[in-house]
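# Structure at a glance
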Amino acid sequence: MKRVGILGGTFNPPHIGHLICANEAFHALKLDEVRFMPNAIAPHKQHREDATTFNRIQMLEMMIKPYPYFKIEKIEIERGGVSYTYDTMVELCEREPDVQFYFIIGGDMIDTLETWYNIDELVKLVKFVGFKRPGSTSSNSNYTVQMIEAPEIDLSSTLIRHRLATGGTLKFLLPEGVEAYIRKEGLYGTG
Ligand SMILES: Nc1ncnc2c1ncn2[C@@H]1O[C@H](COP(=O)(O)OP(=O)(O)OP(=O)(O)O)[C@@H](O)[C@H]1O
Ligand SMILES: O=C(O)c1ccc[n+]([C@@H]2O[C@H](COP(=O)([O-])O)[C@@H](O)[C@H]2O)c1
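A short tour of the structure in this document, coming up. This is a predicted model, so every value here is computed, not measured.

What counts, and where the lines are drawn
- Residues numbered from 1 in each chain as written.
- Chains lettered and ligands numbered in written order.
- Predicted model: local features only at pLDDT ≥ 70, side-chain atom pairs only at ≥ 80, totals over all residues.
- Buried ≥ 20, exposed ≤ 12 C-beta atoms within 10 Å, placed from the backbone.
- Helix = DSSP H or I, 4+ residues; strand = E, 2+ residues; numbered from the N terminus.
- Pairing = 2+ DSSP bridges.
- Right-handed = clockwise from strand over helix to strand, strands pointing away.
- Axes fitted to C-alpha atoms, helices over the stretch in contact; angles between N-to-C directions.
- Contact = placed C-beta atoms within 7 Å.

## A short note on the pairing of strand S2 (residues 33-38)
Of all six residues making up S2, five are buried, and the element is well covered by its neighbours. Alignment of strand S1 (residues 2-9) against S2, held across six bridges, turns out to be parallel. Looking across to S2, one finds that Gly5 is bridged to Val34. For the crossover from S1 across helix H1 (residues 16-28) to S2, the handedness is right-handed. Where S2 and strand S3 (residues 70-72) come together, three bridges link them in parallel fashion. Bridged to Arg35 within S3 is Lys71.

## Focus on the sheet that holds strand S5 (residues 127-131)
Taken together, the six strands give an open sheet; going across it, the order is S3-S2-S1-S4-S5-S6, and neighbouring strands pair in parallel fashion. Only two strands of the sheet have a single partner each, and these edge strands are S3 and strand S6 (145-147). The average undirected angle you get between the axes of adjacent strands in this sheet is 30 degrees. Contacts from helix H2 (residues 53-64) reach S2 and S3 within the one sheet, and its direction differs from that of S3 by about 165 degrees.

Structure, rendered in structure tokens:
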């Protein structure tokens, strides 16, 4: 069976925390590929208008370009509406029955897992893979999450947006080319 990791997210913007998690999962679990999967509308997050879906995809494309084992999964963008992971994984498992999917999440998401839509069915479709994240407990007793030992990084899209708006340094925090793209497009208060 093909082994595919999925890192779902808002990626507003994508940052090196995402890259590190995807790469660590790829190696620890001997995956065939990892797909970054941008959501249309995040189920648990307030929707932000500061970057378009097109912007988020362009930044992801820039981020994965040097790495052939990273891909972009656009199924949620194509479906539109609120991106419930259960709906997505039902569709993906139907499309690709010979794939075992590993759904990669950070500690903050592990903490909320119980509240996910149809979680009791979702856990039958995917194996959850977790990363500790500073500020979260990263523990959830009801559902199995395989934790990966990896360097923890206290970085979020929120911090990046804050730095962009207030003029702080972004060096080493964003993938190659993404800071220049953000400034060119005038995103996150840089315009
Ligand atoms: N530094 C990090 N360490 C571990 N997991 C992370 C990290 N950053 C993001 N993730 C995980 O990646 C997935 C997608 O994250 P998302 O795109 O929402 O970024 P974010 O940094 O959490 O954004 P925001 O600050 O806007 O809430 C989630 O499962 C999240 O937990
Ligand atoms: O399906 C749900 O109920 C659900 C609730 C919260 C988060 N998720 C998914 O978890 C991933 C990370 O979410 P976020 O909010 O950090 O971008 C992303 O793919 C979301 O669609 C899914």
